[in-house]
Amino acid sequence: MYLIMSLNLLQRTLYVTRSKSISNLSCRGVHLLQNKAFINGKWVGAHTGETFDVTNPANEAVVGNVPDMYVKDACKAIDAAHSAFYNERWHNSTAKERSALLKKWFQLMETNRQEIAQIMTAESGKPMVESLGEVTYGNSFVEWFAEEARRIYGEIVPPPQANRQIMLTRHPVGVAGLITPWNFPHAMITRKAAAAIAAGCTVVIKPAEDTPLTALALTKLAEDAGFPEGVFNIITSSRKNAATIGELLCKSEKVAAISFTGSTEVGKLLYQQCAGGIKRIGLELGGNAPFIVFNSADIDKAVTGAMNSKFRNCGQTCVSANRFLIQDGIHDEFIAKLLEKVKALKIGDGSRDGVQIGPLINQAQIKKVSQFVDDAIEKGGKIIHGGQRLSKHGQLYYEPTIVTCLRDDMRLYNEEVFGPVISVIRFKTEEEALMIANGTQRGLAGYFYSNDLNQVFRVSKLLEAGMIGVNEGLISATEAAFGGIKESGIGREGSKHGIDDYVYIKYLCYGNLQ
Ligand code: NAP
């Protein structure tokens, strides 16, 4: 017994020492750094004892290690969530009780803003200012759904016969399996988990291999907030186990709903896997957002919007503008002003003051960005700025880049680059711009700048995307419905619609009433 306690202490001390590689992490932050997963109210390792390292993309230092879990571990989490859903304490919980728990979680996240952001920057490479911004955004979903929990109303519908009463009531679906990406390690979890819990579901979360520490920090705060055992479960795994765990979540009869944010390729696979059980699924997938600047636009505002849309999180944002369509009359002036701003970007380790562009997340991502730019150069693209890796900063830095003369046979045109690359197409007419913008199977976000009122209404209607920024480059907001059309996904997150994925409607027909 004494030996086990000593070993645990040693393990924890080593972990805390290692976590010093997260600069200036306070004692409170160390309390949030977890090296275990969380199942049924307990911090647990993988059944094999295996772990994997989490590294800082800015300098490749190891910042933590977490359990490398398998299907067997995921089954335990599903069982826990399933029992908790049917446990009286949760099943009979009132909206007010769930709201109070979510509010407590929100308050704890607010108190620990700085610490969560430090952990996020250390594992994702995101500049601190952006990590703090994501904490604000991510926390806001918990606050929002704490409020929405109390407004999941039913309906009383006028019946066709006088002796009937029709009532529609809304109920939690059960266990929700939530699979999230690395680019928003906090907000992609809270946007799903807070909605699911508000509705009365229980959750099993599988965060991305690259960013489990932020997810575990949120879990620690959920534990401190006092969610009953089994309501909030999280399993960590390395990339090699993601597919089998994902398949289990999609095929298990104990899981009622899947919510996934990530690539369209994986989203399609999960959609197929859910088909066998006619499982409800929400998909937030990749985009290929057009950013159109018309001749009538305010060019300075359009340049600011372009910078915000493109360079947030080093371009690794699903709603990032991917193709910049600039009208003939203002093309050269727009590029000149944009170039000035791009040259002024401060690149480096995100934990340092003033840094705006950090590293890309991993080797696969920087390889992809380099290949896309090289492919454009080969096919006649013109590099106005950048176009290469910045090894002097580290292995994963890519120079903010502007490529003009984009053509439809280039990968930059057809696929989401997910990096700090602005690809420009010059166009002449509105019809041509719309044809190019809509000529993709993706339809997540779109942006356009115009001061012509008729054009604003026309283009808003014709642009094929789930979310549109009109004279605005940053559009995400808790209050708004986030989601795509075409192959960019199904369902909406945030807003009052964010609850819909986690509730079903029951129709009650009261007949033969006297
Ligand atoms: P990804 O490879 O699809 O991974 C997303 C999540 O799915 C990760 O947790 C990943 O685990 C897991 N995963 C990978 N393969 C799986 C499989 N076969 N079965 C089940 N789960 C699997 O996407 P990513 O590269 O991390 O993220 C970038 C993509 O996400 C971009 O396309 C971006 O546009 C999209 N995105 C969309 C939104 C939106 O709201 N629409 C928001 C953010 C990002 P591992 O990390 O362990 O591989």
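All values derive from a computational prediction rather than experimental measurement.

Caption draft 1: Quick look at the site of the ligand. Around the ligand sit 30 residues, and of these Thr180, Trp182, Ser263, Leu285 and Glu416 come closest. Note that an oxygen atom of the ligand is positioned 3.2 Å from one of the backbone N or O atoms of Gly262. Residue Glu416 places a side-chain N or O atom 2.7 Å away from an oxygen atom belonging to the ligand. In isolation the ligand offers 900 Å² of accessible surface; the protein chains occlude 90% of this area. Elements supplying a minimum of two residues to the shell around the ligand: α8 (187–199), α10 (239–251), β10 (255–261) and α11 (264–275). Per-element accounting of the shell around the ligand gives the leading share, four residues, to α10. Its residues assigned to classes, the shell around the ligand shows 17 nonpolar, seven polar and six charged. Residue assignment places the shell around the ligand across two domains, with domain 1 (2–25 + 34–285 + 492–502) and domain 2 (289–477) each supplying three or more.

Caption draft 2: Summary view of the domain arrangement of the protein chain. The domain architecture assigned to the protein chain consists of domain 1 (2–25 + 34–285 + 492–502) and domain 2 (289–477). Each partner contributes residues to the interface: domain 1 has 26 residues there, and domain 2 has 28 residues. Across the domain 1 to domain 2 interface the summed buried area is about 1,900 Å²; carbon plus sulfur atoms make up 53%. Contact with domain 2 buries surface across domain 1, with Pro57, Ala58 and Trp182 losing the most and accounting together for 25% of the total. Taking the shortest distance from any N to any O, the salt bridge between Glu265 and Arg442 comes out at 3.5 Å. Where domain 1 packs against domain 2, one counts six residue pairs in polar contact (both at pLDDT 80 or more). Elements that contribute at least two residues to the side of domain 1 that touches domain 2 include exactly α6 (113–124), α7 (128–148) and α11.

Caption draft 3: Structural detail: the packing of aromatic side chains. Under the definition given, this model contains 12 aromatic pairs. Their ring planes at 80° and their centres at 5.8 Å tell us that Trp182 and Phe418 sit as a pair that is edge-to-face. Residue Trp182 is found in the loop between β7 (175–179) and α8, and its partner Phe418 is found in the loop between α15 (411–414) and β16 (421–427); the two are separated by 236 residues along the sequence. Residue Trp182 is classed as buried on the basis of its relative accessible area, which comes to 13%. The exposure class of Phe418 is buried, given its relative accessible area of 12%. Ring centres of Phe294 and Phe427 lie 5.7 Å apart, and the angle between their planes is 85°; on these two criteria the pair is classed as edge-to-face. With Phe294 in the loop between β12 (289–293) and α12 (299–311) and Phe427 in strand β16, this pair connects stretches of sequence that are 133 residues apart. Of the two residues, Phe294 and Phe427, neither departs from the other in class, the shared state being buried.

Calculation notes
- Residues numbered from 1 in each chain as written.
- Predicted model: local features only at pLDDT ≥ 70, side-chain atom pairs only at ≥ 80, totals over all residues.
- Heavy atoms only, no water.
- Near = heavy atom within 4 Å.
- Polar contact = N/O pair within 3.5 Å; in protein donor to acceptor, adjacent residues only side chain to side chain.
- Areas by Shrake-Rupley, 256 points an atom, 1.4 Å probe, with all protein chains shown as cover.
- Helix = DSSP H or I, 4+ residues; strand = E, 2+ residues; numbered from the N terminus.
- Nonpolar A, V, L, I, M, F, W, Y, C, P; charged D, E, K, R; others polar.
- Domains from an automatic or database assignment.
- Contact = heavy atoms within 4.5 Å.
- Buried area = accessible area lost by both parts, 1.4 Å probe.
- Salt bridge = Lys/Arg side-chain N within 4 Å of Asp/Glu carboxyl O.
- Phe/Tyr/Trp six-rings, centres within 6.5 Å; stacked < 30°, edge-to-face > 60°.
- Buried < 20%, exposed > 50% of the residue type's maximum accessible area, 1.4 Å probe, protein only.

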